[in-house]
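Commentary on secondary and tertiary structure
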Amino acid sequence: LIPTGMMYQSSWGALGTQLSLFMVVIISALSKFTLIQTSALFAFVQLLWAIASALYIRFKLPEHYPWWRSFSFSWGLRDLLRSIPLTVSGLIQQGSSNGLVILISVVAGAAAVPVFTTVRTLTNLWTNVTNLLTTPLLPDVVRFHAKNEWRKLFAVHETHGVITVGAVNFSILLLYPFIEPMYKYWTSHAVALDKVLLCTLLASVSLMNFGAMMNIFLSVINHHRSILSTVIARGSVSLIFGGVLLSYVGVGGLGLGVWAGELVALALLVYFFIKTARMHPETNPSLATLAPALFSVASVQVYLGMVAIETPGAPVLYLLALIGVLLGTVGGWRRLDVETRSRLTRLVGKRFGIKEAV
């Protein structure tokens, strides 16, 4: 669906799938199903969605049916071999994510696992916000890349730095004072909140958000080297560095390892992004292009770091961090060209019913 421009249909389908699978888990729990019964129902609902998706594509895009038309084993094998780096990176990513939980249970004991998983679940809310604001730009990135419209492509990237980076960083700072009471209510005071873990995971989400658009761009052009290297760096640093700190610092040390892995992955993304962009004569990107969003991210990193080590004067630091994010967002907005700013203003005006002045 995505290559044919049907991004919204794809998103609604994914949303429907996730909601239905969520309801399967809830219904199974209320009905006291066994694990076998729950798994069978889960698989059956996924099968129904797969069939429904196939039928939808069959009637919505009849020009591509039958799908086995022009079958070529050699083409399929070639594409499969070329996609191996993507498959390997996906396996590494899943392995490193699950490996963190196994690492905690082995080093710190099973009792420490909920401390990590609950905080990670909480911080994943901002990861979902990043995906929600970034994924809809995928069709535009594909189209601009296919048409070699590099100026438009980097205009989208700068716009992402203003809107998505600013929104996520602002929300992290604005909601941070309320996280602890919400966490205690959510866990019924049964799980202690590790502030070092919370701050480091939130800081890693802010870094990931900063590199999200660069990651999509490099994925779209099938830049296998960047995809594989960033995943390997993120996973290995998180597991090795986090595992060492876990033994000496506790669960918070593992969060610091996750943050370090995200920082190394971001450095690689910036390197590959600028190197790839400079290959095209229409663009000459530099770190100055990323500076406003980077300043916003740095403000959040400094604040969360100071809170993690319990630096005195937190209210003052909090205010300075908010000002830093605001300055970064305003600076990024002023760097946008006039046409982009006017289009964004019109879109916001239409959304809130504001009429343009004649």
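Residues numbered from 1 in each chain as written. Predicted model: local features only at pLDDT ≥ 70, side-chain atom pairs only at ≥ 80, totals over all residues. Heavy atoms only, no water.

1. With respect to the packing of aromatic side chains
Going through the model one piece at a time under the given rule, you end up with five aromatic pairs. Residues Tyr-176 and Tyr-303 carry aromatic rings whose centres are separated by 6.0 Å and whose planes lie at 85° to one another, so their mutual orientation is edge-to-face. You can see Tyr-176 sitting in helix α7 (residues 150-186) and its partner Tyr-303 sitting in helix α11 (residues 287-308), a full 127 residues away along the chain. Each member of the pair, Tyr-176 together with Tyr-303, is buried. (Phe/Tyr/Trp six-rings, centres within 6.5 Å; stacked < 30°, edge-to-face > 60°. Helix = DSSP H or I, 4+ residues; strand = E, 2+ residues; numbered from the N terminus. Buried < 20%, exposed > 50% of the residue type's maximum accessible area, 1.4 Å probe, protein only.)

2. A short note on the pattern of salt bridges
Two side chains carrying opposite charge are able to pair once their charged atoms lie near each other. For the coordinates displayed, the defined rule picks out four salt bridges. A salt bridge links Glu-180 to Lys-195; the nearest nitrogen and oxygen atoms lie 3.4 Å apart. Of this pair, Glu-180 sits in helix α7 while Lys-195 sits in helix α8 (residues 195-220), and the two are 15 residues apart along the sequence. The partly exposed category is assigned to Lys-195, whose relative accessible area is 40%. Connected through shared salt-bridge partners, Glu-180, Lys-184 and Lys-195 make up one network. (Salt bridge = Lys/Arg side-chain N within 4 Å of Asp/Glu carboxyl O.)

3. Some thoughts on the side chain of Ser-299
In this fold, Ser-299 is placed in helix α11. A polar side-chain atom of Ser-299 sits 2.9 Å from the main-chain carbonyl oxygen of Phe-295. If we ignore the near neighbours within four places in the chain, the residues touching Ser-299 are Ala-321, Gly-324 and Val-325. (Polar contact = N/O pair within 3.5 Å; in protein donor to acceptor, adjacent residues only side chain to side chain. Contact = heavy atoms within 4.5 Å.)

4. Regarding helix α4 (residues 84-107)
When the terminal C-alpha atoms of α4 are compared, their 33 Å separation across 24 residues agrees well with the 34 Å that a helix rising 1.5 Å per residue should span. Bending of α4 peaks at approximately 25° at the position of Gly-99. Buried within α4 are the following residues: Pro-85, Ser-89, Ser-96, Gly-99, Leu-100 and Ile-104. As for α4, its buried residues are in contact with α3 (73-82), α5 (113-134), α9 (224-248) and α10 (251-277). (Expected span 1.5 Å × (residues − 1). Bend = angle between axes of the 7 residues up to and from the residue.)

In short, shape yes, function no, at least from these values alone.
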